[in-house]
Every structure is written in C-alpha cells, then in structure tokens.
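Understanding the architecture of this molecule
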Amino acid sequence: MIEKKLYTVIIFSENTVGLLNQITIIFTRRQLNIETLSVSPSAIPGIHKFTITTFADENMIDKVVKQIDKRVDILKAYYNTDEDLVFQEIALYKLSTERFLKMGTVEELIRKYNVRVLEMNETCVVLEKSGHYDETQNLFKELSETIGVLQFIRSGRIAITKSPVERLSDMLANMERVLLEKKNEDGKE
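Keep in mind that what you see is a predicted model, and the values were worked out from it rather than measured. (Residues numbered from 1 in each chain as written. Predicted model: local features only at pLDDT ≥ 70, side-chain atom pairs only at ≥ 80, totals over all residues. Heavy atoms only, no water.)

**With respect to helix α4 (residues 106-113)**
Among all positions of α4, only Val106, Leu109 and Tyr113 are buried. The buried residues of α4 all sit within an arc of 60° when viewed along its axis, so they share a single face. Exposed residues on α4 whose side chains face more than 90 degrees from its buried face are Glu107, Glu108, Arg111 and Lys112. Backbone geometry just after α4 places Asn114 at a positive phi near 55°. (Buried < 20%, exposed > 50% of the residue type's maximum accessible area, 1.4 Å probe, protein only. Helix = DSSP H or I, 4+ residues; strand = E, 2+ residues; numbered from the N terminus. Arc of directions from axis to C-beta.)

**Topic: the packing of α4 against helix α5 (residues 133-146)**
Two packed helices can be described by the angle between their axes and the distance between those axes. Orientation of α4 relative to α5, taken along the N-to-C sense of each, is 160°, at an axis distance of 11 Å. When the axes of α4 and α5 are compared, the pair comes out roughly antiparallel. Handedness of the crossing formed by α4 with α5: right-handed. In contact with Leu109, Lys112 and Tyr113 of α4, α5 contributes Glu135, Asn138, Leu139, Glu142 and Leu143. (Axes fitted to C-alpha atoms, helices over the stretch in contact; angles between N-to-C directions. Parallel < 35°, antiparallel > 145°, perpendicular 65-115°, else oblique. Left-handed = near helix turned anticlockwise from the far one by under 90°. Contact = heavy atoms within 4.5 Å.)

**Let's talk about the pattern of salt bridges**
Within this structure, the stated rule accounts for eight salt bridges. The salt bridge involving Lys66 is made with Asp62; its shortest N-O contact spans 3.1 Å. Of this pair, Lys66 and Asp62 are both found in helix α2 (residues 58-69), four residues apart, which corresponds to roughly one turn of the helix. The residue Glu98 makes a salt bridge to Lys102 at a minimum N-O spacing of 3.1 Å. Taken together, the residues Glu98 and Lys102, both in helix α3 (residues 97-102) and four residues apart, mark about one turn of the helix. The exposure classification of Glu98 matches that of Lys102, with both residues exposed. (Salt bridge = Lys/Arg side-chain N within 4 Å of Asp/Glu carboxyl O.)

**Digging into the side chain of Arg157**
With respect to the helices, strands and loops of the structure, Arg157 is situated in the loop between β8 (151-154) and β9 (158-161). Apart from residues lying up to four places away in sequence, Arg157 is in contact with Leu6, Thr8, Thr36, Ser38, Thr51, Thr53, Asp82, Leu85, Phe87, Gln88 and Glu89.

**Describing the sheet that holds strand β1 (residues 5-13)**
Across the sheet, which stays open at both edges, the four strands sit in the order β2-β3-β1-β4 with antiparallel pairing between neighbours. Each of the sheet's edge strands pairs with one partner strand only, and the pair in question is β2 (34-41) and β4 (74-80). With direction set aside, neighbouring strand axes in the sheet form an average angle of 15°. Here β1 runs beside β4; their pairing, made up of six bridges, is antiparallel. Looking at the pairing, Ile11 lines up with Ala77 of β4. Here helix α1 (residues 19-29) sits on the sheet in contact with β1, β2, β3 (48-56) and β4, set at roughly 15° to β3. α2 contacts β1, β3 and β4 of the sheet and is inclined by roughly 170° relative to β4. (Pairing = 2+ DSSP bridges.)

**Some details on the environment of Gly148**
The residue Gly148 is located in the loop between α5 and β8 in this model. For Gly148, a relative accessible area of 21% translates into the label partly exposed. Sequence separation between Gly148 and Tyr133 is 15 residues, and the spatial gap between their C-alpha atoms is 19 Å. Beyond its immediate chain neighbours, meaning those up to four positions away, Gly148 contacts Leu95 and Leu143.

Okay, structure coming up:
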C-alpha cells in the first residue's frame, strides 16, 4: 500500500473570482480531502497566497500541483512537507466564566499552553492558542475533560518556507530577467 503523508500546497495567484472553486475541484476529482485551507495576500503586492493541506502520496500530490500550475490564473504552485516549512494554526476556545474561574489552575493552564485570554465577561471566557495541530488539540482535550468547551474553532494552516526568499520571488525575478534579455536582443536587430 502506498504511504500517504500530509503535504502543504502553496499556490500564488492574482485575486480572481471563482479561482478557489477551480482549485478545489482539482482535489475532489482526485478523491483528495482538503484538511485545511487558508487564503491571504502575500508579501508581493497584488498576489494572493493559498495554503492547502491534504494527505496524499508524493506521486499524487505532484500531479495535483502540476494540474493547478497549468491554470491560467495561477502564477505558481508548489508542494512542501512539514520539514520545508515554518507553520502554525490558531485556535479559539469559548468557556463558561464560572467554570473557568472554579478551575483553580488558570495561571498554570495559561503558562503550560501559552494561552492568551482574548475576552472575559460575566458569561464567557475566550482563549486563543497558536501552535501546531497537536498543541491546539491537546488544549481542547484538556479543557473538554475538565470544564467543558462551549465553542471551538481552529484556523487553517498558515505557512512560510524555510528558504531565505519566497520561491515565487525567484521565479518572478527570473521571468523579468528573461524578458529584459529578450528586449535587449530585439533592440540589437
């Protein structure tokens, strides 16, 4: 049996209506479930960055990324393993204020999980935890078992590569250099 592992697909594009739907169709056609999805502007003005995680084998993820890369609206798509990235998720936990204060080990919990209190009022407390999936899940499990969680939400993975510059920056610089060389050659004729 082929071993599946978690891959992070990073896609760069302009902010085009309907593009997300086109990308997700590529995953569903290949029977791949999207585990997490995050979209935001990138460091390059006018360019958006999609960060998608899915379980697949390397052959399958390579095909998916090549198919995504062929789309006209896509500037570039890459896939990475966890070793190539620095990544985080953010989780929010809504708890009963009364039960939270009765816990007695609030300070210990905050220190243990590096939790931030976002909101506290008469009825509820909202905690924020950033970290990897296991870290946010462990806090959820502990809170569920001790005092109960009223609401819980986790963001999709956000990630940057460990390389010194974004690979898209290298690609765009190379394209610009090729265009400049072509323009210089055309001017010599």
